[in-house]
Amino acid sequence: MATPVLEAIDQTQAPPQGPPRPNVIYTWLTTVDHKKIGLMYIAYALVFLLVGGVEAILMRIQLAVPNNHFISPQVFNQLFTMHGTTMVFFVGMPILFGFGNYLVPLMIGARDMAFPRLNAFSFWVSAFAGLLLYFSYFGASGLYAAGSAPDVGWFAYAPLTAKVFSPGHSTDYWTLAVFLSGVGSIGTALNIVTTILCMRCKGMKMSRMPLLPWLYLVMASLVFVAVSPLTAAQIMLTLDRYIGSHFFDTQAGGSAVLWMHFFWIFGHPEVYVLVLPAFAFVNEIVPVFSRKAMFGYPAMVAASVSIGFISLSVWAHHMFTVGLGAAGNTFFVFATMVISVPTGIKIFNWLATIWGGKIIFATPMIFCVAFLFQFLIAGLTGIMLSAAPFDWQLGNSYFVVAHFHYVLVGSILFALFGAFYYWYPKVTGKMMSETLGKWHFWLFLIGFHLTFDFMHVPGLLGMPRRIYTYEAGRGWGGWNFIVGVGAIFQAAGLLIFCYNLVRSYYRGKEAGHDPWDAWTLEWAVPSPPPVYNFAIEPTVNSRRPLWDLKHPEDPDSDYE
Amino acid sequence: MMNTSSTIPVEGAIEAPWTLPYRGTVGMACLIVAEAAIFIIFVVAYIFYIGKSISGPTPAQVLELPIFGTICLLSSSITVHFASSALRKNNLHGCTAFLAGTVLLGAIFLATTAREWYHLIYEKGLTIQTNLFGTTYYSLVGLHATHVVVGLILLSTTLAFSLTGHLKEEHEKKLEVLSLYWHFVDAVWVVVFLVVYVLGR
Amino acid sequence: MAFLAPLFAVTALAQSPTNIFAPAATPAHSIFGLSMLVLSVTFGIFLVVGGLLLYALIRYRHRPSDSDHEPAQIYGSNQIELSWTVIPILIVVMLFLTTTRVILRTEAIPKPDNTMDVTVIGHQFWWEYRYPKLGIVTANELHIPTSDKANPKPTYLTMSSADVSHSFWVPRLAGKMDVIPNRVNTMWIDPPDVGLYLGQCAQYCGTQHAKMLLRVYAQSPEDFAAWASQQQKPAQQDFTGNPTAAAGQTVFMHNACINCHTVKGTVATGRFGPDLTHLASRDTIAAGAVQNNPENLRRWIDDPNTMKPGSLMPAMHLNDHDLDLITAYLTQLH
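Below: a short report on this structure. (Residues numbered from 1 in each chain as written. Chains lettered and ligands numbered in written order. Predicted model: local features only at pLDDT ≥ 70, side-chain atom pairs only at ≥ 80, totals over all residues.)

## Things to note about the overall build of chain C
Then comes step 1: Scanning chain C from terminus to terminus reveals eight helices and twelve strands.
Then comes step 2: Relative to its length of 334 residues, chain C is extended, with a C-alpha radius of gyration of 27 Å against a globular reference of 20 Å.
Then comes step 3: Dimensions along the principal axes, computed over C-alpha positions, put chain C at roughly 100 × 50 × 35 Å.
Then comes step 4: In chain C, which comprises 334 residues, the proportion classed as buried is 43%.
Then comes step 5: Long-range contacts, defined as pairs at least 24 residues apart, comprise 66% of the intrachain contacts of chain C with a sequence gap of at least 6. (Helix = DSSP H or I, 4+ residues; strand = E, 2+ residues; numbered from the N terminus. Rg over C-alpha atoms; globule rule 2.2 N^0.38 Å. Buried ≥ 20, exposed ≤ 12 C-beta atoms within 10 Å, placed from the backbone. Contact = placed C-beta atoms within 7 Å.)

Okay, here's the thing in C-alpha cells:
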C-alpha cells in the first residue's frame, strides 16, 4: 500500500523590515532549539577533545622512554586525572547528547524536544561544569608543590580524596564539576526519554521507530540510574571533606570499598551510556551503505535493552582485586560474561546486514567498518578481563587501558567520525570532502593501531597504570615509544578532520535533501532543516518511511 | 539558493486516534527514577554501616519512632490527591483547601523533624561528625527533608496561585504532576522510616 | 587487527622480569593456564567473526558493473538468530565454569598449613613487612623461603594499609591483591626457585605511586634462616673502632629521625617511616627506587624530593658534617 505524499512548500513570509535582527551571539546564547543546542554540545565537545588530546600527548612523551624528566609526577598525575575526566564528562557525554539532541526529534517526526528550556539549561550547566574543571588550573590549591588541578584520578578513590590526603581544593573542583555535569546529563536524558515516548509522529509506534531513537531511549534511561549514584557519592565525599562526616573515613570505621562500589555502579553503566549511541550511529549508517534493511530489527532492540539492564549488574568486575571473596567474584564474572551474548548478537546482525548487500565504501561507511573490527576486538579483550583470575594480572595495568581505549576511541570515536561525515550534509547542506575524509581515516587508523595495539604488551609485561615513569630494566620502553608515535598520527588525522569540517562549510558540494539515498525521516526535510523541522507532521507506516516512498511497489510496511 | 520544499510522507486518515502520554507525567517519572537512585545509595550506605560505628550513641539509644510526623506526612499525600481530583471537577475552593492542608501537614512534618534533630544534637550529643550512625542518619533524613522543602515550595506556590484565582481546571494535569512528586517524597519517607527507625534500631 | 595475536605471542617470549606469561609460583601458574584457554577461545572467535566480516566486505562490495537495483531486503531469520544466540551462550557457560574453578582453587582454599606468615602494610610510598612468628620488622625488600613441591612452605601474606589504597603486584608470582585501609586481604605465594622477583604498587596512591616498587627475594631455606636470624638481632650500637659511625649514631638519636623511624634497641621508635634497624642489608632504598650506596643515601637524607619528588619524608636540613656522620652510621646497620 503506497504512502501518499504531500509537497510541502515553505510558505513562511520573509520578515518585514522592522526592528534590527538580533545578532548571532544573542541568538545562540538564548536558543532553545534542539538543533542549535545539539550543535553547541558538539562544538563544545570537539574543543575539549583537542584539549584532552594534548593532555594525552604530553603523557605519552613523558612515558616514551624510561626515567624521563619531561614532566614532574605532580603534573603527570593531574594530566591523567584531567584527561580521563575531560574525555568522559566533557567530550563523550556532550558530543553524544549533541547528536541525540539534533537527530532524535528529526527522526521521530517531531518539532523539537519535549522540554526546550530544560534542554538549554542542561547544556549551559554542563558547559559551565567543564569550564569550572579547567578553572582549577588557576584557582585551586592542592598538595604542596602540586597546587591547582585535581590529581586523584578520574575515579577519585577514597581515602586518597579525603581532606587529609588531598588538602586544598583541587579535589573539590573535580567533585563539583562532575556533579554539575551530572545534573546536565540527567536533564538531557529526561528530555530524550520524554521526547521519544510523547512526541513521535502519527503511525510511529515504538516498533516502527528507527534504531537510533531506540538506543538513545535505552541510553537515557541508563543515565537516570547510573549518574545518580555518582551524584550521591559526590555529596557524601563533599560532606566528608567539609562537614567531617565519615562516609569514606577509614579511621572512623568507614569503608574505602564503599566508594568503589558507588563509583563503579555509576562507572560501568556509564561506559554503556557512551557506547549505545555509537551503536545507534552504526545502526543507521551500515544499512544505508549496504543498501539493505537492518537484519533482525526486533533482536537489535531486544539486545540493546538487555545490554542496558545487564550493564547495571556487572560493576564489580572493576573490583576483582579488592578481595570480595569467591562468591562475589563469581557472580560478577557470570554477569560480565553474559553481557557478551547480546553484544555478540548485535555484531552478528551487522554482519548479516552487510551480507548480500551492495557495499559502498564512502567515508561514513569506512569508519563504521573499522568500528566493526575494533569493537569485536575490544569485546574480546573484555572477555579476557572478565575471567577474574586473568584480571588479577591484567587489572589496573596497561592492558586495561588498551582495552577501554579500544572501546572509547576504536569504537565510539570511529562511529562518531562516521556520524559526522554522514549527517554533516543534513546539518549544513554541504558535503564533506571525501579526499580529506580518506586522509583523516587512514592517518587516524594507523595512529590508533600503533598506539592501542602495542599498548596491550606493556600490560602483559607487568606495567601498571597511572605511573609517571618506569624502571629501565622492565622491557617496557620500546613498546611505550611506539605507543607515543601512534599518538602523533592520531593528532594529524584529527587536525585534518577539523580542517575538513570548516572547509566543507564554505567550499563543500551542495548536498540537497538526501545525498545518501537513505530511508529515515530526517532525510525528508531540506538541508539544513528549517527551524520547525517538518512543515506538516509526517505519518509513517513502516520503519523506513522514505524507502516506502521510493519503492511504492515493495514497501517495508508489507513485511512488518 | 536553499531548497525550501520537502517531501514528507502523509497519510489521509488514520484508523485509531494517535495518543501519546502527557509530557509532564513522563518527565516527572524520569526525575523520580533518578532521585530514587540517589536515595537508594544513601539507604545502602545507611544499611552498610549499621552496627559498624566504633563509638558514640547507637540508634537504639537515641531514636524514637516519629509516629506523629509520619502520620502527618502520609496524610498530606491524601490531601494532595483530593486537591488534584477537586481541580479536575473544577471545584476550585476545594482544591485550595486541600492544597492548604497539604502544605500545613508537610510543614508539621518538617517541624517534628527539626524538633527531633534539636533533641539529638543538644541532648544526646549526636551530630553528623559523631560516628558512622550520625553520618548516615543525618545525611539520609536530611536529604529527604530537603526534598520535602522543595515540595513545599512548589505546593505553596501552587496554593498562592489558587488563592489568587489563577489556578484553573485546565491546569489539572500539571497539578497531577506535582502531586506525583509529593507522593514520591512520601514513599521515600516510608522506606526511610522502615530502614532507620524499625530495621536499624 | 589480527595483529594482536602475534603481539601476545611476542610478549610471551619477551625477556621481562615482570612478564605475566612467565609464571614462577602456583597462583601465577593457575592464572597462566586459564589465560591460555581464554586467549585461544577469543582468538578463535576473532578468526571466525573477523574472517566472515572481511569476506562479506570484499564479496559484497558495490562494483560499477552492478545493476542499479537494490539488493534483496532481508529482515531477519529466526533460525540463524537462534543459533547465534545459543552458541555464544554455550561458550559463555564453558568459560564461566572454567573461570570459577580457578577462582575457587586460589581464593576459596583455606589457609595452607605450614606457612611463612608475613604481615604487609602499605604506606605512601613504601612497604612494611612484619614476620609475627619471627619477631622481624623490615621494609621494602620481602625475603621469603622457597617452597619445595614435596614439602611446601608457602608464604602467606596478610595485608592492610596505613593510609590509602595500594595494590601488591609481583606478576611472576601471583595476581595482584589490593591493600586497603580498614580491611584485611590475604594471598599466598610459593616460588620453588631461588631468585629476585620484581613488581610494584598497582593502585594509584598519590604522587609517588610510580616508585613504590616491590622486591621479593626467594631464598633457599638455609639462606632465609641466616637472613632471618640477622634481622632478629637488635641494631648494632657498638661502634668502637669507627668513631665516625659512633658520632653519627649520636647525631641520629638527637634528631627528628627518631620520630618517624625505628632502630631496634634504641630510642628511635617512630612508625611513620621504614624500620632502619638493618638498613645496610638492603640492596635499595626509597622502596626500590634508588640503589643503596653511601652517596645515594646521603643525597636522600639531604632532600628526598630530589630523587623521589612527592615522597613524604621531608628534607632534613642537616649541615654537611652531620649528613656525613649519619650516612656513616646508617651504612653500618647491617
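## Thoughts on the arrangement of the chains
Then comes step 1: Here two pairs of chains are in contact, and chains A and C lead that list by number of contacts.
Then comes step 2: In this assembly chain B lies apart from chain C, the nearest approach of their C-alpha atoms being 12 Å.

## Brief notes about the interface of chain C and chain A
Then comes step 1: Listed by partner, the interface residues are 84 residues for chain C and 82 residues for chain A.
Then comes step 2: When residues of the side of chain C that touches chain A are traced back to their parent elements, those giving at least two are α1 (4-13), α2 (26-59), α3 (78-106), β7 (177-179) and β9 (195-200) of chain C.
Then comes step 3: Counting residues per element, the side of chain C that touches chain A draws most heavily on α2(C), which supplies 15 residues.
Then comes step 4: Looking at the side of chain C that touches chain A residue by residue, the class counts come to 46 nonpolar, 29 polar and nine charged. (Nonpolar A, V, L, I, M, F, W, Y, C, P; charged D, E, K, R; others polar.)

## Some remarks on unusual backbone geometry
Then comes step 1: Residue A:Pro159 is bonded to the preceding A:Ala158 through a cis peptide linkage, with omega at -10°.
Then comes step 2: You can see A:Pro159 is positioned in the loop between α4 (116-139) and α5 (170-198).
Then comes step 3: Here the amide bond leading from A:Ser527 into A:Pro528 is cis, since omega sits at -5°, within 30 degrees of zero.
Then comes step 4: By the secondary structure assignment, A:Pro528 is in the loop between α15 (477-507) and α16 (545-550).
Then comes step 5: Phi at A:Asn67 takes a positive value of approximately 50°, unusual for a residue other than glycine.
Then comes step 6: Turning to its location among the elements, A:Asn67 is positioned in the loop between α2 (34-63) and α3 (73-107).
Then comes step 7: Unlike most non-glycine residues, C:His317 shows phi in positive territory, near 55°.
Then comes step 8: With respect to the helices, strands and loops of the structure, C:His317 is situated in the loop between α7 (294-302) and α8 (320-330).
Then comes step 9: Under the C-beta neighbour-count criterion, C:His317 is labelled exposed, with 9 such atoms within 10 Å.

Take it as geometry only, folks, not as evidence of what the structure does.
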